[in-house]
Amino acid sequence: MDDAQISDNRDRSRFEVTVEGHVAHADYRIDGDVITFTHTIVPPALEGRGIASRLILHALNDVRARGLRVVPQCPFVAAYIRKHPEWADLLVEPLD
């Protein structure tokens with residue numbers, strides 16, 4: 001996946017990457033300056049390769065650059081932020 005391009009597909013409200021013909025994506029909705037991540041989907045053919053983590057890392061970097069705050073409704077995004085507390089300052093509310 002090193003050469004795969006992660007992009008923010010704003011028309012579809014998701015960060016996405018295509019690997020080997022499969023699309024992995026992190027869906028979101030934006031309300032004002034808050035982005036709510038709703039789902040992270042990695043096709044079974046791509047599971048176990050760290051693609052979701054790279055997708056969320058890219059998304060959080062973009063979110064920080066845009067000055068947005070995060071609501072991690074998606075369990076994967078919440079778990080990622082718990083594991084990487086350097087992103088906790090982006091949260092609207094602390095995680096449990």
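Provided above is the structure to which this section pertains.
Residues numbered from 1 in each chain as written. Predicted model: local features only at pLDDT ≥ 70, side-chain atom pairs only at ≥ 80, totals over all residues. Heavy atoms only, no water.

## A word on the sheet that holds strand 2 (residues 14-19)
So, point 1. Spatial strand order, 1-2-3-4-5: 5 strands in an open sheet with mixed pairing. Sheet topology places strand 1 (7-9) and strand 5 (69-72) at the edges, where each strand pairs with a single neighbour. Recorded for the sheet is a direction-independent mean angle of 30° between the axes of neighbouring strands.
So, point 2. Pairing geometry for strand 3 (residues 22-31) and strand 4 (residues 34-41), over 7 bridges, is antiparallel. Each bridged residue has a counterpart across the sheet, and for His25 the counterpart in strand 4 is Ile41. (Pairing = 2+ DSSP bridges. Helix = DSSP H or I, 4+ residues; strand = E, 2+ residues; numbered from the N terminus. Axes fitted to C-alpha atoms, helices over the stretch in contact; angles between N-to-C directions.)

## Here we look at the pairing of strand 2
So, point 1. For strand 2, a buried count of 5 out of 6 residues is recorded, marking the element as mostly surrounded by other parts of the structure.
So, point 2. Across 3 bridges, strand 1 lies against strand 2 in antiparallel orientation. Each residue of the ladder has a partner; that of Ser7, found in strand 2, is Glu16.
So, point 3. The antiparallel pairing of strand 1 with strand 2 creates a hairpin that spans 4 residues between the two strands, and Ser13 there sits at a positive phi of about 55°.
So, point 4. Sheet topology note: the strand 2/strand 3 ladder contains 6 bridges and is antiparallel. The partner of Thr18 across the bridge, within strand 3, is Val23.
So, point 5. In sequence, strand 2 turns back onto strand 3 through a hairpin of 2 residues, with Glu20 there showing a positive phi of about 50°. (Buried < 20%, exposed > 50% of the residue type's maximum accessible area, 1.4 Å probe, protein only.)

Keep in mind these numbers describe shape, not what the thing actually does.
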